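# Topology and contacts: notes
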Amino acid sequence: MPRSTWTAGRRGALLGASAAVVCATLTACGDTGGDSYAAVGPPRPSATAARPTGSVTLVPLDAPTPSSAAGKSPDGEGTSASTPAAPSPTGAKSGRSSAHSPSPTSTAASTTAPSTPAALSWGAPARKATAHRWCEDVTLAFRNSGGTAVRSGTVTFGTHIIGALGIDWATIESTEQLPVPIATHGHTDKTWTVCVDAWRVPLGMHIETRDVSVEWQ
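Cut-off values and rules
Each chain has its residues counted from 1, following the order in which its sequence is written. Local features are withheld for residues below a pLDDT of 70 in this predicted model, meaning they are given only at 70 or higher, and side-chain atom pairs are given and counted only at 80 or more; totals for whole chains, interfaces and linings count all residues. For the side-chain quantities, the full set of heavy atoms in the structure was used; hydrogens and water were omitted. The secondary structure listing takes helices from DSSP runs of H or I that are at least 4 residues long and strands from runs of E that are at least 2 residues long, numbered from the N terminus. Between N or O atoms, a polar contact is any pair within 3.5 Å; within protein, one atom must be a potential hydrogen donor and the other a potential acceptor, and residues adjacent in sequence are included only when both atoms are from side chains. The predictor attaches a confidence to each residue, called pLDDT, with possible values from 0 through 100. Working rule for contacts: check all heavy atoms of both residues, and any pair within 4.5 Å makes them a contact. Note on aromatic pairs: the rings of Phe, Tyr and Trp (six-membered ring only in Trp) are paired at centre separations within 6.5 Å, and the planes decide the class, stacked below 30 degrees, edge-to-face beyond 60, tilted for the rest. Per-residue accessibility, obtained with a 1.4 Å probe over protein chains only, is compared with the maximum for each type, and a residue is labelled buried under 20%, exposed over 50%, and partly exposed between these values. Two strands are counted as paired when DSSP detects at least two bridges linking them. Angles shown run from 0 to 180 degrees and are taken between the N-to-C directions of axes, each axis being a line fitted to C-alpha atoms and, for helices, limited to the stretch in contact. Buried Ala, Val, Leu, Ile, Met, Phe, Trp, Tyr and Cys residues form a nonpolar core when they are joined through side-chain atoms within 4.5 Å.

Following the sequence through the fold, Thr193 ends up in strand S8 (residues 187-195). Sequence-wise, Thr193 and Thr139 are 54 residues apart; in three dimensions their C-alpha atoms are separated by 8.7 Å. At a separation of 2.7 Å, a polar atom in the side chain of Thr193 contacts the side chain of Asp137.

Structure, rendered in C-alpha cells:
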C-alpha cells in the first residue's frame, strides 16, 4: 500500500472514532429515562410552573374583625376594602360657628360734626355825647359766626382826650364786661357809658372813645 493512501485511511478512522465518543457522551448526559437526545445551546426555562410534590394542609384564617372591612381577591390574597365616607351634600352648611369668626355688629356712625370755637366780631364804636364832657355813650354791635357760644369776655375801650385846638393830649383805657352769652351765629348790641376823670377834661376840651379791643371765651 502506498504511504499516502495509508495516511488518509488512518486519519479517517481516527475522525470516526472521535465522533462516536462525542456522540456517546452527549447521549449519556441527556438521558432522562425516555428517548435520548443531545442538548444543543443553553437550557431554556420550562413553561410549566413547579408544583409541590408533598402533601399540603389548609389552615383556616381567623374571621375578620368588624373594624377592618377586608375582602379577598379571587386568587385568595387579602385586600383592603375600607368604605369611603359619604360626601356632604353640595351647599350644606354646618350649624357650628367658628370661634374665630366674629359676629357681625352694626356701629352707628356719628353724624354730628365737631363744633368749632366761637368767632366774635364787632363794628366801629358808635359814640354819643352826654351831659358831662368827660363822659359819652358808646355802642358796639357783636356777631358770633363760630360753632360755640361766647360764654364770657371783656371789652377794653381807649378814650382820647382832645384839646380845644384838636390836640390829642392823652388816651385813657377802661374795661367793661361783654354782654354774654352770645349764641352761635347770633348777634347782639350793647351800649356803655364811658367816662374819664373830670379833671382830665377842663372847659373847652372833650373825649372821643376810638379804640376797642375784645377778649372772649
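Attention now moves to the confidence of the model for the protein chain. Looking at the protein chain as a whole, the pLDDT averages 71, with 48% of positions reaching at least 70. Note that residues 45-49 has pLDDT below 50 and, in this model, zero contacts with residues that lie over four places away or in other chains. Segment residues 91-95: pLDDT under 50, and zero contacts once partners within four positions in sequence are set aside and those in other chains are kept.

Across all of its chains, the model carries three aromatic pairs by this definition. Seen from their ring centres, Trp122 and Trp216 are 6.4 Å apart, and the 75° between their planes marks the pair as edge-to-face. Residue Trp122 is located in strand S3 (residues 120-122), and its partner Trp216 is located in strand S9 (residues 206-216); the two are separated by 94 residues in the primary sequence. Looking at Trp216, the relative accessible area reads 30%, which means it is partly exposed.

Another aspect to go through is the sheet that holds S9. Read across the sheet, three strands follow the order S7-S6-S9 without closing on themselves; strand pairing throughout is antiparallel. The sheet is open, and its two borders are formed by strand S7 (168-177) and S9, each paired with just one other strand. On average, each strand axis in the sheet is inclined to that of its neighbour by 20°, with strand direction left out of account.

Let's shift gears to unusual backbone geometry. Between Val180 and the following residue, Pro181, the backbone shows a cis peptide bond with an omega angle of -5°. Summarising the element assignment, Pro181 is placed in the loop between S7 and S8. Notably, His185 is not glycine yet its phi reads approximately 55°, a positive angle. In this fold, His185 is placed in the loop between S7 and S8. With relative accessibility at 59%, the residue His185 sits in the exposed group.

On to the nonpolar core. Core analysis: the largest hydrophobic core is formed by 13 residues, its most contacted members being Leu120, Phe142, Val155, Phe157, Leu178 and Trp192. For this core, the secondary structure elements donating two or more residues are strand S5 (135-144), strand S6 (153-162) and S8. With three residues, S5 is the single largest residue contributor to this core. Ranked by size, the runner-up nonpolar core spans five residues in total, among them Ile161, Val196, Val201 and Met205.

With three bridges connecting them, S3 and S5 associate as antiparallel partners. In the strand pairing of S5, Trp122 is matched with Phe142. Note that strand S4 (residues 126-129) and S5 share four bridges and pair antiparallel. Paired with Ala126 across the two strands is Thr139, which belongs to S5. Counting the residues between successive antiparallel strands, the hairpin from S4 to S5 contains five residues. Judged from the nine bridges that link them, S5 and S8 form a sheet pairing that is antiparallel. Residue pairing across strands places Leu140 opposite Lys190, the latter belonging to S8.

Mapped onto the elements, Thr209 comes out in strand S9. Within the structure, the side chain of Thr209 is placed 3.0 Å from the side chain of Thr159, a separation counted as a polar contact. In this structure, Thr209 is in contact with Pro125, Arg127, Glu136, Val138, Phe157, Gly158, Thr159 and Val194, ignoring residues within four places of it in sequence.

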